[in-house]
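# Survey of secondary and tertiary structure
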Amino acid sequence: MTPVLEVSDLTVAFGDVPAVRGVSYAVRPGEVLGIVGESGSGKSVTSAAVMGLLPPGARVTGSVRLHGKELIGAPERELTAFRGKAISMVFQDPLSALTPVYRVGDQIAEAVRVHQRVSKETALVKAIELLELVGIPRPAERALAFPHEFSGGMRQRVVIAMAIANDPDVIICDEPTTALDVTIQAQVLEVLKKAQRKTGAAIIMITHDLGVVAGFADRVLVMYAGRPVEVGDVEDIYYRPRMPYTVGLLNSIPRVDRDGRRPLVPIEGNPPAPDALPPGCPFAPRCPMKIDACDEREPPLFEVGAGHRAACIRWDEVHPHGPGRHEAARPREPRARGERTVLEVHGLVKDYPLLKGAVFKRRVGTVHAVAGVGFDLRQGETLGLVGESGSGKTTTLTQILELAPPQAGSIVVLGHDTCRLGRRERAGIRRDMQVVFQDPMASLDPRMTVHDILAEPLRTHGRSRPGRRVAELLTLVGLDVSHAARYPQDFSGGQRQRIGIARALALEPRLLVLDEPVSALDVSIQAGVINLLDALKARLGLSYLLVAHDLAVVRHIADRIAVMYLGRIAEIGQVDAIYDAPMHPYTQALLSAIPLPDPRRERSRRRILLEGDLPSPANPPTGCRFRTRCPKFRAELTDEERSLCVDVEPEVRLLGEDQGAACHYAERREVV
Amino acid sequence: MTLSEEELAEELSDGVMPKAPSRARVVAGRFFRSRQGQVGFAVLALMFLLAFVGPLFNRWTYTDKDFTAFLQPPSSSHWFGTLQTGADVYALTLRGMQKSLVVGLLAALVSTALAAVVGAFAGYFRGWTDRVLSWVTNLLLVLPAFLILAIMSPLFGGAGRWPLFVIMLALFLWMVTSKIVRGMAISLREREFIQAARYMGVPPARIVFRHVIPNLSSLLIVDATLNVSAAILTETSLSYFGFGIQPPDVSFGTLIADGSKTATYAPWTFWFVAGLLVVTVLAVNLVGDALRDAFDPAARR
């Protein structure tokens, strides 16, 4: 079959800085090409160049052919004619991809009418058909709604509907599911597959998530420093990688399945800056297999197999430690739980009033952000608090961190009930409980030197000469002591997160609260921070309360996990017990929605798809909160059994040795 | 990652520790390394030196009158020439500069500091603090500043009362900036590094001074530099109308007001004062720019 889109030797430069340095690929109709790379690898710029959407300052050379027709240098009028018709695009952020002031039906109809000569009415009918195709319930009604009335997942469906409105030949998806929760991601990926079947289009899937690519793509292109470093069939890339960078990426991602128990192997160092590339292979400074010849010149793409090419001079020596090949999984010996309890939460409740009116605020409702959550955390233990957005995990965390008396229930931190805390005791607990935030960019004061940042907790709690401790801390987290005089902006994301961790450790706390500590980092960097957290815990005897949405990361760090849904705990218990045989239908769906970076297993898995979105926490369902989306409630239970779910809110029952679920009909099921 | 390096660090820190690279040190270092900072600081220092040491080298004081030389151009006995009254322009200018430099710089500093503190506290604490402080700000904003200054000006007359004058000037310069600062502080308090400091147990007032105000420093420094000229000019216009600095004492304001009448046929009565005013404001701006860059870690390179 002839390729529908052919890109050859595409380069993009902004001023003197090259962003893309020679990208070539071709996609055939119906084929899915995954482009994988870390931030700054040039993957998004490549697609913008294909669409002709680069800012005027960019210099583009090379060739992009659509059906054999050259697009680089084509006049704007021709580009406009094919954009949205022959090639369409799905963006990462579904909120900014839709115009807030127009109804979604009109926006899709507009996309139709731009390229087809049809009447307004026909276009609107077509729009409603498209909305139905992408799985929007009651499409005729929803077509009249505005974008802000849709949830993130629904908005992304609308964007996909717009993208396929004109039966395009190529759909470029730029991180289409990155901003979404896992269960919603699974839904949207289903929709994309359906849309592709319907239109027969080729899809270019740009993402950093190797799991998504494993399940979705036919061919994979790995990019590094603006260049493809390995191209091949999805199985070649995952099982027979020939480029050390690909191997490194695969080894550094945490996985939800048993295989994921192995320690992560981070890639040392950081990706090179585009204006200061190393002389030879751009990956050489971070490569474990580097030899002197690597620095001589940049390696071309060698043919290493049928349709498989890799840019490494030692490709035949690269040993894939891909999935399935590494040493047998070492099960974590189920440790006895510690004696001392560092954190105890009982029946925690937090409501937020919904206010209306500009001058006189009146209460029109209540958001039940947290509705009776309880767990405990012992010395030396890590408890992972997981859940999708809106599950109340962040609210729980802030309630604990505020150290204020909760609205209802109790919080006991290090033996002190927050209801009966004096000023001095509170200061004492602040010393023993520290936080690491999600965004390492935002959590460090940009106007302070690293020295001042690390010295702040020390000075606050009365250490007047912090210089020596600061040096210790920097070394502890693997940074150089001479870095103390620099500002946070001089560091990369991973290094900044290390500074954040060092600050949290400054006072030798006993309890560390980690709020999504690695979710803002690239995979190759993530692994290093995860390993650091693991090592620090063992060495300093810390207890972690970890909040995360990435269940793979949680499996790596946590000893116990609590799954939250709509302000309540759905399931709680020992990590391996829950991951191997979850009991709550929500946990089962959540775990089955996580893509595995293993094409064969990923494609043979049965996925439990949840329907619809999270209900509003202002108006939760009666009885069991999960029943509106519960696959078990929908398919397996009899009407009689259902009435219990509708009437009675289940409490967490202990069902195994250390595993409890809040479900009337909990039963074990293997899903990963 | 290599935790064994911790021991290494302990060994290392037994030796001589490098000087703690705290913010004050880094900012000062960066300020004096920039060309703008060097020039601005040197010029400003020179101006002060001239204003306070310069008069010692002159035979005439600002109250002396030379009845042998009325409205004479610069000469060896009167370096900047004389006025119609026979007063020595050099002596008068330097005396005026003493007053204007001190009044202008101090009024600017006081007003910007007031704006920063009031705005940051109102924005950071919200609630009652915010309501009370905003009320005071709005009240001062609607009072006709010039009128009040004019009414109160007899109070500033006596010797040694100039600090009161500075405070009054500053009191009417800070409100608008304070409102801007308040708005920025409101958005700043939600930032994670402020949360981090709170959860660390840093007292709220210290968070304001350590995190909120430094993060607004660009705005505040620009504001302060503008306020220097604003304060000098307000003082000038007050003096022009006969309030503020009263004769026989002089300031840049009174000198420029008098000099502008004779500027066309006796330029020396005007241009020396005007020139020094321009140089002063320029130097202050240079210092302000350099300081802003020194505070802002992103301004490097």
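Just so it is clear, the model here is predicted, and its values are computed rather than measured.

## Structural notes on the overall build of chain B
Secondary structure assignment for chain B yields 13 helices and zero strands. Each of the 301 residues in chain B was classed as buried or not, and the buried ones make up 48%. In chain B, 70% of the contacts between residues at least 6 apart in sequence involve partners at least 24 apart.

## Comments concerning unusual backbone geometry
If you check the backbone angles, A:Glu175 has positive phi at about 45° while not being a glycine. Position of A:Glu175 among the secondary structure elements: in the loop between β7 (170–174) and α7 (182–199).

## Points about the pairing of β7(A)
Residues and elements named next belong to chain A. Summarising burial for β7: five of the five residues are buried, a large majority. Pairing between β7 and strand β8 (residues 202–207): five bridges, direction parallel. Each residue of the ladder has a partner; that of Cys-173, found in β8, is Met-205. Of the crossover connections in this fold, the one passing from β7 over α7 to the parallel β8 is right-handed.

## What about the sheet that holds strand β23 (residues 653–654) of chain A?
Residue and element names in this part refer to chain A. Read from one edge to the other, the open sheet built from eight strands follows the order β18-β19-β20-β15-β21-β22-β24-β23, with strand pairing classed as mixed. Either end of the sheet is taken by a strand with one partner, and the two such strands are β18 (433–436) and β23. The pairing of β18 with strand β19 (residues 511–515) spans four bridges and is classified as parallel. Considered in β19, the bridge of Met-433 is made with Leu-511.

## Topic: the interface of chain A and chain B
Each partner contributes to the interface: chain A provides 45 residues, whereas chain B provides 43 residues. Here chain A and chain B share an interface that buries about 3900 Å² over both sides, 56% of which is from carbon and sulfur atoms. One salt bridge in this structure joins A:Glu456 and B:Arg210, with 2.9 Å as the shortest N-O distance. Our count for the chain A to chain B interface comes out at 11 residue pairs in polar contact (both at pLDDT 80 or more).

## Focus: the packing of helix α3 (residues 35–53) of chain B against helix α13 (residues 268–295) of chain B
Residues and elements named next belong to chain B. Interaxial distance between α3 and α13 falls to 8 Å at its minimum, and their mutual angle equals 140°. The orientation of α3 with respect to α13, classified from their angle, is oblique. Classified by chirality, the crossing of α13 by α3 is left-handed. Mapping the contact onto sequence places Gln-36, Gly-37, Val-39, Gly-40, Phe-41, Val-43, Leu-44, Met-47 and Leu-50 in α3 and Leu-276, Val-279, Thr-280, Ala-283, Val-284, Leu-286, Val-287, Asp-289, Ala-290 and Asp-293 in α13. Of the residues contributing to the contact of α3 with α13, the split by class is 13 nonpolar, four polar and two charged.

## Examining the environment of B:Met168
You can see B:Met168 is positioned in helix α7 (residues 162–171). Residues B:Met168 and B:Ser153 lie 15 residues apart in sequence; the distance between their C-alpha atoms is 9.6 Å.

## Examining the sheet that holds strand β17 (residues 416–417) of chain A
Think of a sheet as strands paired side by side through backbone hydrogen bonds, with each pair either parallel or antiparallel. All names here are of chain A. Judged by pairing direction, the sheet is antiparallel, and its four strands sit side by side in the order β14-β13-β16-β17 without closing on themselves. With one partner strand each, in any of the chains shown, β14 (362–378) and β17 form the two edges of the open sheet. Sheet analysis places strand β13 (residues 341–356) next to strand β16 (residues 408–413), joined by five bridges and oriented antiparallel. By the bridge assignment for β16, Leu-343 is matched with Val-413. Helix α11 (residues 393–402) contacts β13, β14 and β16 of the sheet and is inclined by roughly 115° relative to β13.

## A short note on the pattern of salt bridges
Taken as a whole, this structure holds 42 salt bridges over all chains when the rule is applied. When the shortest N-O distance is used, the salt bridge between B:Arg126 and B:Asp130 registers 3.5 Å. Exposure remark for B:Asp130: the relative accessible area of 7% places this residue in the buried category. Taken together, the shared-partner salt bridges connect A:Asp376, A:Arg378, A:Arg560 and A:Asp658 into one network.

## What about the environment of A:Arg77?
When you line up the elements, A:Arg77 lands in helix α2 (residues 76–82). Counting along the chain gives 481 residues from A:Arg77 to A:Ala558, while the straight-line C-alpha distance between them is 56 Å.

## A short note on the domain arrangement of chain A
Residue and element names in this part refer to chain A. Domains assigned within chain A are domain 1 (5–217), domain 2 (244–317), domain 3 (332–384 + 408–544) and domain 4 (566–672). Look at where the C-alpha atoms of domain 1 and domain 4 centre, and you get two points 33 Å apart. The interface is formed by 18 residues belonging to domain 1 together with 17 residues belonging to domain 4. Summing both partners gives a buried area of about 1200 Å² for domain 1 against domain 4, and 62% of it is carried by carbon and sulfur. When the buried area of domain 1 at its contact with domain 4 is split by residue, Thr-183, Gln-187 and Ala-214 rank highest and sum to 36% of it. Summed over the shared surface of domain 1 and domain 4, the result is zero salt bridges. The interface formed by domain 1 and domain 4 includes four residue pairs in polar contact (both at pLDDT 80 or more). The set of elements that each furnish at least two residues to the side of domain 1 that touches domain 4 consists of α7 and α8 (210–216). For the side of domain 1 that touches domain 4, the class distribution of residues is 10 nonpolar, six polar and two charged.

## Regarding a nonpolar patch on the surface
All names here are of chain B. On the surface, a nonpolar cluster with roughly 1100 Å² of combined accessible area is contributed by Trp-128, Val-132, Trp-135, Val-136, Leu-139, Leu-141, Val-142, Leu-143, Val-176, Ile-180 and Met-184. Looking at the nonpolar patch, the elements with two or more residues in it are α5 (127–142) and α8 (175–188). Here the element with the most residues in the nonpolar patch is α5; it accounts for seven residues. On the secondary structure map, Val-176 appears in helix α8. The exposure class assigned to Val-176 is exposed, which follows from its relative accessible area of 52%.

## Quick notes on the packing of aromatic side chains
Scanning the model with the defined rule gives 15 aromatic pairs over all chains in all. A ring pair is formed by A:Tyr224 and A:Tyr245, whose centres lie 4.4 Å apart and whose planes are at 50°; its orientation type is tilted. Here A:Tyr245 lies in helix α10 (residues 244–252) and A:Tyr224 lies in strand β9 (residues 219–224), a separation of 21 residues in the sequence. Considering the side-chain rings of B:Tyr124 and B:Phe125, the 5.2 Å spacing of their centres and the 90° angle between planes classify their relative orientation as edge-to-face. Among the residues examined, B:Tyr124 registers a relative accessible area of 7% and is labelled buried. Members of the aromatic cluster, connected to one another through ring pairs, are B:Phe121, B:Tyr124, B:Phe125 and B:Phe209. Directly above the aromatic system of A:Tyr239 lies the positively charged group of A:Arg600, at a separation of 4.1 Å from the ring centroid. A cation over an aromatic ring shows up here: B:Arg131 above the ring of B:Trp128, its NZ or CZ 4.5 Å from the ring centre.

## Some words on the confidence of the model for chain A
Residue and element names in this part refer to chain A. Per-residue confidence for chain A gives a mean pLDDT of 86, with 97% of residues at or over 70. Averaged over each element, pLDDT in chain A is lowest for α2 (84) and highest for β9 (93). Considering only residues more than four positions removed or in separate chains, one finds that residues 322–330, a stretch of pLDDT under 50, has 14 contacts.

## Quick look at the environment of B:Pro203
With respect to the helices and strands, B:Pro203 occurs in the loop between α9 (192–200) and α10 (204–215). Taking the C-alpha atoms as reference points, B:Pro203 and B:Met97, 106 residues apart in sequence, are found 43 Å from one another.

## With respect to the packing of helix α13 (residues 450–460) of chain A against helix α15 (residues 493–505) of chain A
All names here are of chain A. Between α13 and α15, the least distance of the axes is 7 Å, while the angle of their chain directions is 30°. In terms of axis orientation, α13 runs roughly parallel to α15. Seen along the crossing, α13 lies across α15 with a hand that is right-handed. Contact residues: α13 offers Val-450, Ile-453, Leu-454 and Pro-457, while α15 offers Ile-499, Ala-502 and Arg-503.

## What about the state of the cysteines?
Residues and elements named next belong to chain A. For the coordinates displayed, the defined rule picks out zero disulfides over all chains. This cysteine, Cys-287, is not joined by any disulfide, and Cys-312 carries the nearest cysteine sulfur, 6.0 Å off. The exposure class of Cys-287 is buried, given its relative accessible area of 15%. Cys-645 forms no disulfide, and the closest cysteine sulfur to it belongs to Cys-624, at a distance of 5.9 Å.

## Description of α11(A)
Residue and element names in this part refer to chain A. With respect to burial, α11 is a largely interior element, seven of its 10 residues being buried. Burial in α11 covers these residues: Lys-393, Thr-395, Thr-396, Leu-397, Gln-399, Ile-400 and Leu-401. A positive backbone phi angle near 60° is found at Leu-403, which sits one or two residues after α11.

Rules and cut-offs
- Residues numbered from 1 in each chain as written.
- Chains lettered and ligands numbered in written order.
- Predicted model: local features only at pLDDT ≥ 70, side-chain atom pairs only at ≥ 80, totals over all residues.
- Heavy atoms only, no water.
- Helix = DSSP H or I, 4+ residues; strand = E, 2+ residues; numbered from the N terminus.
- Buried < 20%, exposed > 50% of the residue type's maximum accessible area, 1.4 Å probe, protein only.
- Contact = heavy atoms within 4.5 Å.
- Pairing = 2+ DSSP bridges.
- Right-handed = clockwise from strand over helix to strand, strands pointing away.
- Buried area = accessible area lost by both parts, 1.4 Å probe.
- Salt bridge = Lys/Arg side-chain N within 4 Å of Asp/Glu carboxyl O.
- Polar contact = N/O pair within 3.5 Å; in protein donor to acceptor, adjacent residues only side chain to side chain.
- Axes fitted to C-alpha atoms, helices over the stretch in contact; angles between N-to-C directions.
- Parallel < 35°, antiparallel > 145°, perpendicular 65-115°, else oblique.
- Left-handed = near helix turned anticlockwise from the far one by under 90°.
- Nonpolar A, V, L, I, M, F, W, Y, C, P; charged D, E, K, R; others polar.
- Domains from an automatic or database assignment.
- Patch = residues over 30% accessible without salt bridge, like charges linked within 9 Å, V, L, I, M, F, W, Y side chains within 5 Å.
- Areas by Shrake-Rupley, 256 points an atom, 1.4 Å probe, with all protein chains shown as cover.
- Phe/Tyr/Trp six-rings, centres within 6.5 Å; stacked < 30°, edge-to-face > 60°.
- Lys NZ or Arg CZ within 6 Å of the ring centre and 35° of its normal.
- pLDDT = per-residue confidence, 0-100.
- Disulfide = S-S within 2.5 Å.

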